[in-house]
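The residues making up each chain are set out below.
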Number of protein chains: 2
Amino acid sequence: MLISLDELNNYDRFYRANIINSLSGFKSASLIGTKSEAGVSNLAIFSNIVHLGADPALIGFVNRPREAAPHTLKNIEATGFYTINHIHTDWIEQAHQTSAKYAEDVSEFDACGFEEEYINNFFAPFVKASAIKYGMKLIEVVPIKHNNTFFVIGEVVMVEVPKELITEDGFIEIEKANSCCSLGIDGYYKAEKIVRLPYAKVK
Amino acid sequence: MLISLDELNNYDRFYRANIINSLSGFKSASLIGTKSEAGVSNLAIFSNIVHLGADPALIGFVNRPREAAPHTLKNIEATGFYTINHIHTDWIEQAHQTSAKYAEDVSEFDACGFEEEYINNFFAPFVKASAIKYGMKLIEVVPIKHNNTFFVIGEVVMVEVPKELITEDGFIEIEKANSCCSLGIDGYYKAEKIVRLPYAKVK
């Protein structure tokens, strides 16, 4: 069925949010770990994560408007560091629970039952249960003026990954660590590899 | 295994690109359709696509540096419109082939065997074979100065989706249209739903 802009605009708020969120396709499913200047750790679920480039190793994520999702962004701006931790298929509910609106002085690590892990004196807490996780240094927060969201750009400064999941050419078979995939606001998926294809050349 | 920034920096270029690309997790797998001012259609594969917000309905994607991926961005800037079309699990190789460096006067629709579809006089061509696709109007091209990539923001102005895949609350079960998922530079995956979870509340 064809949905026009007028029809989209007339949909109920939640129906519209589900349609638009699903439309852009499958996404990463990760927990971002931070720590405030006051020393309170924070953990929140994010799915809009993109690869920006490998050299320097830059990864971006979308943070919702400040009033909707304040703590992660505030901590990153104040301290400059954060961790991104893959969510596993066998603890999705626990990860999803971090999206509840906990007060600023509550750590979602405690509230949702995650163990903090500190690696090599890196400032921000990692999720111990995640097999694949990486430490990030803030590069730039780009405000998106059209809807008050933020595109947060960071540099990968540390990676933890099971050695046996890295193929000969550096590809990481993240599905073997049970890393899951997300769709829309609240859908969680398991992914199964179909194929890897060689570099495409003009025939 | 722990990989330090020094170790990352010392990896071979391709090995490093694979590691960093896989690390950020599963992504959308889509073809972006455009048409140049001269009337040449263009089709290119993109995976770094994010949901920015539902009202207005904004979706962003990452375009590599201009010299690496010139045509899609040039056409969008010149004409203001583009289409995003889901890639199906049964024609991944054909979609991947659009990443070859075709000359500006060659249409990847022709070169890779895709049929163009024009819907309701929308300027940019859709991919006829895609069950789920949407028409986009350019809102802003944000240059990322750290690596010369671009974050391209557009508004959804038209949606085509099989009615039977939309659930009662607007969620689209895109896996039922065989929409695939991508990982890293060249990995393609099939996704299977595990669960949708209710809105999380503080317990």
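Once a new chain begins, its residue numbering starts again from 1 and follows that chain's sequence as written. Labels are handed out in written order, letters beginning with A for the chains and numbers beginning with 1 for the ligands. For a predicted model such as this one, the threshold for reporting local features is a pLDDT of at least 70, and the threshold for listing and counting side-chain atom pairs is 80 or more; totals across whole chains, interfaces and linings nevertheless cover every residue. Neither water nor hydrogens contribute to the side-chain values; these are computed over all heavy atoms in the structure.

Draft legend 1. Expanded view of the packing of aromatic side chains. In this scheme Phe, Tyr and Trp rings, the latter by its six-membered ring, pair at centre separations within 6.5 Å, and the angle between planes marks the pair as stacked below 30 degrees, edge-to-face above 60, and tilted otherwise. The final tally for this structure, using the stated rule, is 15 aromatic pairs over all chains. When the ring of Phe151(A) is compared with that of Phe151(B), the centres are 4.0 Å apart and the planes differ by 5 degrees; the resulting orientation is stacked. Residue Phe151(A) is located in strand 11 (residues 149-160), and its partner Phe151(B) is located in strand 11 (residues 149-160); the two belong to separate chains. Like Phe151(B), Phe151(A) is buried. Centre to centre, the rings of Trp91(B) and Phe114(B) are 5.3 Å apart; their planes meet at 70 degrees, and the pair counts as edge-to-face. The numbering of helices and of strands both runs from the N terminus, where a helix is a DSSP run of H or I of at least 4 residues and a strand a run of E of at least 2. Exposure is judged per residue with a 1.4 Å probe applied to protein chains only, and the accessible area is read against the type maximum: over 50% gives exposed, under 20% gives buried, and values in between give partly exposed.

Draft legend 2. Layout of the relation of the copies chain B and chain A. Superposing the copies works by least squares over the C-alpha atoms of residues that have pLDDT at least 70 in both of them. Expressed as a screw operation, the relation of chain B to chain A combines 0.0 Å of axial shift with a rotation of 180 degrees, fitting to an RMSD of 0.0 Å. The superposition operator between the copies reduces to a two-fold rotation axis. Mapped onto chain A, 100% of the interface residues of chain B again fall at the interface, so both copies present the same surface. Contact criterion: two residues are considered in contact whenever any of their non-hydrogen atoms come within 4.5 Å of each other.

Draft legend 3. Layout of unusual backbone geometry. Of note, the bond from Asp55(A) into Pro56(A) is cis; its omega dihedral lies within 30 degrees of zero at 0 degrees. Here Pro56(A) is to be found in the loop between strand 5 (49-54) and strand 6 (57-63). Despite not being glycine, Asn121(A) shows a phi value in the positive range, around 60 degrees. Its location among the elements puts Asn121(A) in the loop between strand 8 (116-117) and strand 9 (126-127). The phi torsion at Asn148(B) lies on the positive side, around 60 degrees, for a residue other than glycine. Within the element layout of this structure, Asn148(B) appears in the loop between strand 10 (133-144) and strand 11.

Draft legend 4. Broad picture of the pattern of salt bridges. Only one rule defines a salt bridge in this text: a Lys or Arg side-chain nitrogen within 4 Å of an Asp or Glu carboxyl oxygen. Going through the model one piece at a time under the given rule, you end up with 20 salt bridges over all chains. With its nearest N and O atoms 3.6 Å apart, the salt bridge here joins Arg16(A) to Asp55(B). With Arg16(A) in helix 2 (residues 13-23) and Asp55(B) in the loop between strand 5 (49-54) and strand 6 (57-63), this residue pair bridges two chains. According to the relative accessible area criterion, Arg16(A) is buried, its value standing at 5%. Across the pair Arg196(A) and Asp169(A) runs a salt bridge whose closest N-O atoms are separated by 2.9 Å. On the criterion of sequence distance, the pair formed by Arg196(A) in strand 13 (residues 187-196) and Asp169(A) in the loop between strand 11 and strand 12 (181-183) is long-range, its members being 27 residues apart. The network of salt bridges with shared partners includes Asp169(A), Arg196(A) and Asp186(B).

Draft legend 5. Looking closely at the interface of chain B and chain A. Each partner contributes to the interface: chain B provides 99 residues, whereas chain A provides 99 residues. Put simply, buried area is the surface a 1.4 Å probe can reach on two separate parts but cannot reach once they are joined, added for both. Summing both sides of the interface, chain B and chain A together bury roughly 8700 Å²; the carbon and sulfur share of this comes to 64%. A per-residue breakdown of the area chain B buries against chain A is headed by Met1(B), Leu23(B) and Phe26(B), which together make up 9% of the total. Joining chain B to chain A, the criterion identifies six salt bridges.

Draft legend 6. Expanded view of the confidence of the model for chain A. Each residue carries a pLDDT value, the predictor's own confidence for that position, ranging from 0 to 100. The predicted model of chain A has a mean per-residue pLDDT of 97, with 100% of residues at 70 or higher. Across the assembled chains, the prediction reports ipTM 0.97 with pTM 0.98.

Draft legend 7. Summary view of helix 2 (residues 13-23) of chain B. All names here are of chain B. Counting buried positions along helix 2 yields eight of 11 residues, so the element is predominantly enclosed. Within helix 2, the full set of buried residues consists of Arg16, Ala17, Asn18, Ile19, Ile20, Asn21, Ser22 and Leu23. Any pair of N or O atoms that falls within 3.5 Å is considered a polar contact. Within protein, one atom must be able to donate a hydrogen and the other to accept it, and sequence-neighbouring residues count only if both atoms are side-chain atoms. The N-capping residue of helix 2, defined by a side-chain oxygen 3.1 Å from the backbone nitrogen of phenylalanine 14, is aspartate 12. Of the residues one or two after helix 2, glycine 25 is the one with positive phi, at around 95 degrees.

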